[in-house]
Amino acid sequence: MNDNFIKHVAEAHIGTPAQVALSWALARGIAVIPKSTNEIRLKQNLHQVTLTSDEMRMIGKIERHERKVDPASDNEELEWVFHEDKMECPVI
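Residues numbered from 1 in each chain as written. Predicted model: local features only at pLDDT ≥ 70, side-chain atom pairs only at ≥ 80, totals over all residues. Heavy atoms only, no water.

Novice: Please set out the overall build of the chain residue by residue, giving values where relevant.
Specialist: A tally of helices and strands in the chain yields five helices and zero strands. Helices and strands appear in the chain in the N-to-C order α-α-α-α-α. In the chain, which comprises 92 residues, the share counted as buried stands at 23%. Counting only contacts in the chain whose residues sit at least 6 apart along the sequence, the fraction spanning at least 24 positions is 51%. (Helix = DSSP H or I, 4+ residues; strand = E, 2+ residues; numbered from the N terminus. Buried < 20%, exposed > 50% of the residue type's maximum accessible area, 1.4 Å probe, protein only. Contact = heavy atoms within 4.5 Å.)

Novice: Residues and numbers for the pattern of salt bridges, please.
Specialist: Using the criterion set out here, one finds two salt bridges in the structure. A salt bridge links Glu39 to Lys43, with the shortest nitrogen-to-oxygen separation between them at 3.2 Å. Taken together, the residues span about one helical turn, with Glu39 and Lys43 both in helix H3 (residues 39-44) at a distance of four residues. By relative accessible area, which is 53% here, Glu39 ends up exposed. (Salt bridge = Lys/Arg side-chain N within 4 Å of Asp/Glu carboxyl O.)

Novice: Before we move on, can you summarise unusual backbone geometry with the specific residues and values?
Specialist: Peptide bonds are mostly trans, and most non-glycine residues show a negative phi. Positive phi outside glycine occurs at Ile14, with the angle close to 50°. Examined against the element boundaries, Ile14 turns out to sit in the loop between helix H1 (4-12) and helix H2 (17-27). Ile14 sits in the exposed class, given a relative accessible area of 81%.

Treat this as a map of the structure, not an account of what it does.
As structure tokens, then:
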């Protein structure tokens, strides 16, 4: 996490940038699966911070240029993943 605002929020909440990002996503109802092989970071990822509405809004404006799945538009493709009776695998 190299974003200065996320670092600032993490310091203000005595947390890590990863905790801020995970807390933001979870507060928005987004399921997250953090990846780490470091036991300390795995434990840190379990703790959420309570973000203010202004922090939530500002973090939401950060452009990361990453692909995100939009459940509203990708719902049909995701159905293939969760139904075993389908014989074909989707391209997601």
